Amino acid sequence: MKVLVPVKRVIDYNVKVRVKADGSGVDLANVKMSMNPFDEIAVEEAIRLKEAGKADEIVVVSVGVKQAQETLRTALAMGADRAILVVAADDVHQDIEPLAVAKILKGVIDAEDAGLVIAGKQAIDNDMNATGQMLAALTGWGQATFASEVEIDGDAAKVTREVDGGLQTISVKLPAIITADLRLNEPRYASLPNIMKAKKKPLEEKTAADYGVDTTPRLEVVKTTEPASRTAGEMVESVDALIAKLKEKGAI
Amino acid sequence: MAVLLLAEVSGGALALDATAKAVTAGKALGDVTVLVAGPSAAGDEAAKIDGVSKVLVADDALYANGLAEPVSDLIVSLAGDYEHIIAPSTASAKNILPRVAALLDVMVLSDVTAIVDGATFERPIYAGNAIQTVKSSDAKKVLTVRTSTFDAAGEGGSAAVDTVAAAADPALSSHVEDKVAASDRPELTSAGIIVSGGRGLGSEENFALIEGLADKLNAAVGASRAAVDSGYAPNDLQVGQTGKVVAPDLYIAVGISGAIQHLAGMKDSKIIVAINKDEEAPIFQVADYGLVADLFDAIPELTEKL
Ligand SMILES: Cc1cc2nc3c(=O)[nH]c(=O)nc-3n(C[C@H](O)[C@H](O)[C@H](O)COP(=O)(O)OP(=O)(O)OC[C@H]3O[C@@H](n4cnc5c(N)ncnc54)[C@H](O)[C@@H]3O)c2cc1C
Ligand SMILES: Nc1ncnc2c1ncn2[C@@H]1O[C@H](COP(=O)(O)O)[C@@H](O)[C@H]1O
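Per-chain numbering applies: the sequence of each chain, read as written, is numbered from 1 onward. Throughout, the order in which chains and ligands are written sets their labels, letters from A for the former and numbers from 1 for the latter. Predicted model: local features are reported for residues with pLDDT of at least 70 only, side-chain atom pairs are reported and counted for 80 or more only, and whole-chain, interface and lining totals are derived from all residues. Side-chain metrics rest on all non-hydrogen atoms present in the structure, leaving aside hydrogens and water.

The following threshold applies: UniProt positions are given in the numbering used here, feature names are shortened, and annotations may be inferred rather than shown by experiment.
As recorded in an unreviewed UniProt entry, chain B goes by the name Electron transfer flavoprotein subunit alpha, listed as coming from Litorivita pollutaquae. UniProt, in its Sequence similarities (unreviewed entry) section for chain B, records the words "Belongs to the ETF alpha-subunit/FixB family." In the Function (unreviewed entry) part of its UniProt record, chain B is described as follows: "The electron transfer flavoprotein serves as a specific electron acceptor for other dehydrogenases. It transfers the electrons to the main respiratory chain via ETF-ubiquinone oxidoreductase (ETF dehydrogenase)."

Named according to an unreviewed UniProt entry, chain A is Electron transfer flavoprotein subunit beta originating from Litorivita pollutaquae. Word for word, the UniProt comment on chain A under Sequence similarities (unreviewed entry) is "Belongs to the ETF beta-subunit/FixA family." Quoted verbatim from the Subunit (unreviewed entry) heading of the UniProt record, the comment on chain A is "Heterodimer of an alpha and a beta subunit."

### With respect to the UniProt feature "domain: Electron transfer flavoprotein alpha/beta-subunit N-terminal" (unreviewed entry) in chain B
We apply this condition: Secondary structure elements follow DSSP: runs of H or I of four or more residues count as helices, runs of E of two or more count as strands, with numbering from the N terminus.
With numbering aligned to this structure, UniProt lists the feature "domain: Electron transfer flavoprotein alpha/beta-subunit N-terminal" (unreviewed entry) at residues 3-179 of chain B. As a span, residues 3-179 of chain B carries 25% helix and 36% strand, and end to end its C-alpha atoms are 33 Å apart.

### Some thoughts on the interface of chain A and chain B
Rule in force here: By the convention used here, residues are in contact when the closest approach between their heavy atoms is within 4.5 Å. When two parts are put together, the accessible area they lose, computed with a 1.4 Å probe and summed over both, is reported as buried area. Salt bridge, as used here, is a side-chain nitrogen of Lys or Arg placed within 4 Å of a carboxyl oxygen of Asp or Glu. Gly counts as polar in this scheme, as do all residues outside two lists: the nonpolar Ala, Val, Leu, Ile, Met, Phe, Trp, Tyr, Cys and Pro, and the charged Asp, Glu, Lys and Arg. Here, a strand pair is defined by DSSP locating no fewer than two bridges between the strands.
Listed as interface residues are 76 residues of chain A and, on the opposing side, 84 residues of chain B. Counting the surface lost from both chain A and chain B, the interface buries some 6700 Å², and carbon and sulfur atoms represent 56% of this. Broken down residue by residue, the surface that chain A buries against chain B is led by Asp-164, Arg-218 and Arg-230 of chain A, which jointly contribute 11%. For the interface between chain A and chain B, the tally reads six salt bridges. The closest approach of N and O atoms between Arg-230 of chain A and Asp-288 of chain B, which form a salt bridge, is 2.8 Å. When contributions to the side of chain A that touches chain B are tallied by element, the ones reaching two or more residues are helix H3 (98-112), helix H4 (131-139), strand E7 (142-153), strand E8 (156-163), strand E9 (166-173), strand E12 (219-225), strand E13 (234-236) and helix H6 (239-248) of chain A. The greatest single-element share of the side of chain A that touches chain B, amounting to eight residues, is contributed by E9 of chain A. Residue classes in the side of chain A that touches chain B are distributed as 38 nonpolar, 18 polar and 20 charged. Judged from the six bridges that link them, E12 of chain A and strand E10 (residues 130-136) of chain B form a sheet pairing that is antiparallel. Following the sheet pairing, Leu-219 of chain A is matched in E10 of chain B by Ser-136 of chain B.

### Describing the domain arrangement of chain B
Residues and elements named next belong to chain B. How we decide: All domain edges in this entry derive from an automatic or database-based domain assignment.
Considered domain by domain, chain B is made up of domain 1 (1-161) and domain 2 (191-303). Domain 1 and domain 2 are separated by 30 Å when their C-alpha centres are compared. Opposite the six residues of domain 1 that make contact, domain 2 presents seven residues. Both sides of the domain 1 and domain 2 interface together cover about 560 Å² of buried area, and 51% of this is carbon and sulfur. Together, Ala-127, Arg-146 and Ser-148 form the three largest contributors to the area buried by domain 1 at its contact with domain 2, with a combined 70%. Inspection of the domain 1/domain 2 interface yields zero salt bridges. Among the residues forming the side of domain 1 that touches domain 2, the class breakdown is two nonpolar, three polar and one charged.

### What to know about the site of ligand 1
For clarity, the threshold we go by: Each residue is tested against the molecule or strand, and it is near if at least one of its non-hydrogen atoms lies within 4 Å. Definition of a polar contact: a pair of N or O atoms within 3.5 Å, with one able to donate and the other able to accept a hydrogen when the atoms are protein atoms, and with sequence-neighbouring residues admitted only if both atoms are side-chain atoms. Only the protein chains shown count as cover for residues, and all accessible areas are computed by the Shrake-Rupley method using a 1.4 Å probe.
Lining the immediate environment of ligand 1, one finds 29 residues, of which Arg-199, Ser-224, Val-239, Ser-257 and Asn-276 of chain B sit closest. In this structure, ligand 1 is bordered by residues of chains A and B. The separation between an oxygen atom of ligand 1 and a polar main-chain atom of Arg-225 of chain B is 2.9 Å. Note that a nitrogen atom of ligand 1 is positioned 2.9 Å from one of the side-chain N or O atoms of Thr-242 of chain B. Relative to its free-state accessible area of 990 Å², ligand 1 is covered by the protein chains to the extent of 86%. Elements represented by at least two residues in the shell around ligand 1 include exactly helix H1 (37-51) of chain A together with helix H6 (225-229), helix H7 (260-263) and helix H8 (295-305) of chain B.

Given below as structure tokens:
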């Protein structure tokens, strides 16, 4: 079975985001970019499936600017076999919407004849939490989102999902789309020899047009603003002082 | 303009609070029809929410576990009459609505925090470090709304309840089991007070300190990702960018450093209290009241004195 893992290049999760003064967006010039943390988990899961003999090949795909090459190289260094970069933007500030990404990924699935997709649950830049579900709709496949445990069992996957009340286990027919939640696994670091080896692994470059997908956004960004900020209040010296303050405020 | 609102059904009953909050958002968009993919008793409950014009009930075993594929097909089969399809931003709706949107060839708008007009919405991005205003050019708008920013619609409605036929079974997935943590405590997303514990608690046993304080205050219990990852607390208690977003009257963060991903889930709380032994902890920058103390001294004392 061939496993496809879509990986997104996003601002590193440790970077403090700054909104541009003109309200046109978030400043991404000269900030550290990394693989979306959920996608590292997805890549790790695919590698574990391959190690367990449940997958033969792992293809990682990124849609966006040329620089996403670095993200794909990271995935290859972790252990993916092959990469496809779909160039769909020149400006790092241009985000491709989940619907367009899903359409491109559908094109890749058709061309590659993939049997399973493991995506991240959510991209930590746009916080959409949508691409996997949209791809499942477009392929007509079943979906198992927010996975914390995956077990491939013949022609189905048994997936435990993190839901509002606790955990839900479902069985989804293959081919299917799974999206990875935080507790699915702990992703490995790429070793130096593997980083060197990854430079020689195949990385194919495509465009959105190769898949016949129009990436024109459906959502026009009118403006981007800073959220209402909170200021630090006061420090209290003791538990008694804390209780007194909260009583005074009517909070308890 | 007509709005189709997917009711939140959990454990076979209507999740009233989440649904009623979405109704408030829905009313700003038009005439609200609530769809209950679940038992008819849940439909009767939904009919009582103030501002609901009509309730559609699809009571079929196919929908008993909220599987995304059949529920999405049901919504799409009804979508023709509506310009907006909305739901509260629950784990269930976040699983279903993007699928619906793609089936309709439109974008989804996740976690909407404000409705500017019928096509223009505000939503947080980058863990709430920026707020984006976006205008949709799609004919239909599919959105989930953040329950922490909309007040629940009251009761007193008496909408007509119609039944709708189930759509065909796509037979793509099936339910195996639920592991739901039963608790007598208030629910995280609707509680007035939340006591949240982090890595500072050090173990699952010690996490009982958080529960003890919560019980004293009749509060819900929350946790940081580190506390959940370490097994001190179950996953459904995680507050943050990728967990639950809460805005109680009082949020008490204990042994939590205040990473941006955690702040994303609680910084709209009315009063924030932080208890941490490190005076440099970033959580103090958003706290109304900060106490620098060892939690193993402070929490038992606080619990006792309340
Ligand atoms: C993709 C992604 C998504 C994430 N999503 C979330 C999310 O939704 N929610 C979330 O919470 N995090 C999330 N995180 C994790 C986040 O970045 C932090 O790692 C996490 O919030 C830290 O949890 P913590 O504050 O409990 O632990 P730490 O940062 O380790 O802080 C522990 C604190 O406890 C204090 N402490 C220790 N002992 C004591 C004591 N005896 N008395 C008093 N204080 C004490 C310490 O001073 C410290 O400040 C996410 C991260 C990523 C990468
Ligand atoms: N531009 C992209 N390139 C590759 N994968 C993506 C892209 N956008 C989203 N994804 C995948 O979809 C997941 C969810 O993203 P989102 O729906 O944007 O929150 C991510 O974790 C990735 O696995």
